[in-house]
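Residue-level structural notes
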Amino acid sequence: MTDPPLVQRALALERELGFKRSCIREVGLLLHVLAAQRGRARVGELGTGCGVGAAWIVSALPPAVPFVTVELDETRARVAAELFAEDENVTVLQGDWHELMPPEAPFDLLFLDSGKQHPELDGEDVVGLLAPGATIVMDDLTPARRRRDPVREFWLNHPRIAALEILTTPSTAAIVGTRSG
């Protein structure tokens, strides 16, 4: 599969801004597959960056499905809003997701791209954004970490999330989970 045109434009913005923390292509493909599943009614992302992950998702969503993404950095939020300006079903918010995303929830697919480092502080808030049966995806994990990893411990052992870690490349991993009722 070639990268969708929207993804190509987001990657160009990433290069232009010198941003180096966008999701990798393998995670983009995973997001694309999950977003294309039937029955998606509302999709979200925490951590827009330059819009690369969002572009993978939006490129697979049916046209009427609302997508909401939030970015703390004002410049990146503005650039992403410009990227998606022609899509009336995409909303780019600028600010703290803790304040901006709860009124937009619940989501049935959520890409936790930023802010996952302290699940002991706000992991339950993220779980609260998920509809029953929703899918959550997080990337930027290093496989086979030997030291304590609060992110893995929280998401792989949460009583309301059935989750697994998958390799996205030989040196990167993601967690994909589903919220039970």
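The coordinates are above.
Presented here is an overview of the structure given in this document. (Residues numbered from 1 in each chain as written. Predicted model: local features only at pLDDT ≥ 70, side-chain atom pairs only at ≥ 80, totals over all residues. Heavy atoms only, no water.)

Some remarks on the side chain of Thr 48
Counting through the fold element by element, Thr 48 comes out in the loop between strand S1 (43-46) and helix H3 (52-60). Among the residues examined, Thr 48 registers a relative accessible area of 3% and is labelled buried. When residues no more than four places from it in sequence are discounted, the contact partners of Thr 48 are Thr 69, Val 70, Glu 71 and Ala 80. (Helix = DSSP H or I, 4+ residues; strand = E, 2+ residues; numbered from the N terminus. Buried < 20%, exposed > 50% of the residue type's maximum accessible area, 1.4 Å probe, protein only. Contact = heavy atoms within 4.5 Å.)

Quick look at the pairing of S1
Here S1 shows two buried faces, one formed by Val 43 and Glu 45 and the other by Gly 44 and Leu 46. Where S1 meets strand S2 (residues 67-71), four bridges bridge the pair, whose relative direction is parallel. Within S2, the residue paired with Glu 45 across the bridge is Thr 69. Looking at chain direction, S1 and strand S4 (residues 107-112) are connected through four bridges and run parallel. Within S4, the residue paired with Val 43 across the bridge is Leu 109. (Pairing = 2+ DSSP bridges.)

Considering the packing of helix H2 (residues 25-35) against H3
Where H2 meets H3, the closest approach of the two axes is 8 Å, and the angle between their N-to-C directions is 30°. By the criterion of interaxial angle, the relationship of H2 to H3 is roughly parallel. Seen from above, H2 lies across H3 with right-handed handedness. Listed contacts from H3 to Arg 25, Gly 28, Leu 29, Leu 31, His 32 and Ala 35 of H2 are Gly 53, Trp 56, Ile 57, Ser 59 and Ala 60. (Axes fitted to C-alpha atoms, helices over the stretch in contact; angles between N-to-C directions. Parallel < 35°, antiparallel > 145°, perpendicular 65-115°, else oblique. Left-handed = near helix turned anticlockwise from the far one by under 90°.)

So, the side chain of Glu 71
Here Glu 71 lies in strand S2. In this structure the side chain of Glu 71 is engaged in a polar contact, spanning 3.3 Å, whose partner is the side chain of Arg 76. Here Glu 71 is in contact with Gly 47, Thr 48, Gly 49, Arg 76, Ala 77, Leu 93, Gln 94 and Gly 95, once residues within four sequence places are set aside. (Polar contact = N/O pair within 3.5 Å; in protein donor to acceptor, adjacent residues only side chain to side chain.)

Regarding the sheet that holds S1
Pairing in this open sheet of seven strands is mixed, and the strands run S3-S2-S1-S4-S5-S7-S6 from one edge to the other. If you trace the sheet from one side to the other, it starts and ends with strand S3 (90-94) and strand S6 (161-169), each paired once. For this sheet the average axis-to-axis angle between neighbouring strands, irrespective of direction, equals 15°. Bridging between S6 and strand S7 (residues 172-179) involves eight bridges; their strand directions are antiparallel. Residue pairing for S7: Ile 166 is matched across the bridge by Ala 174.

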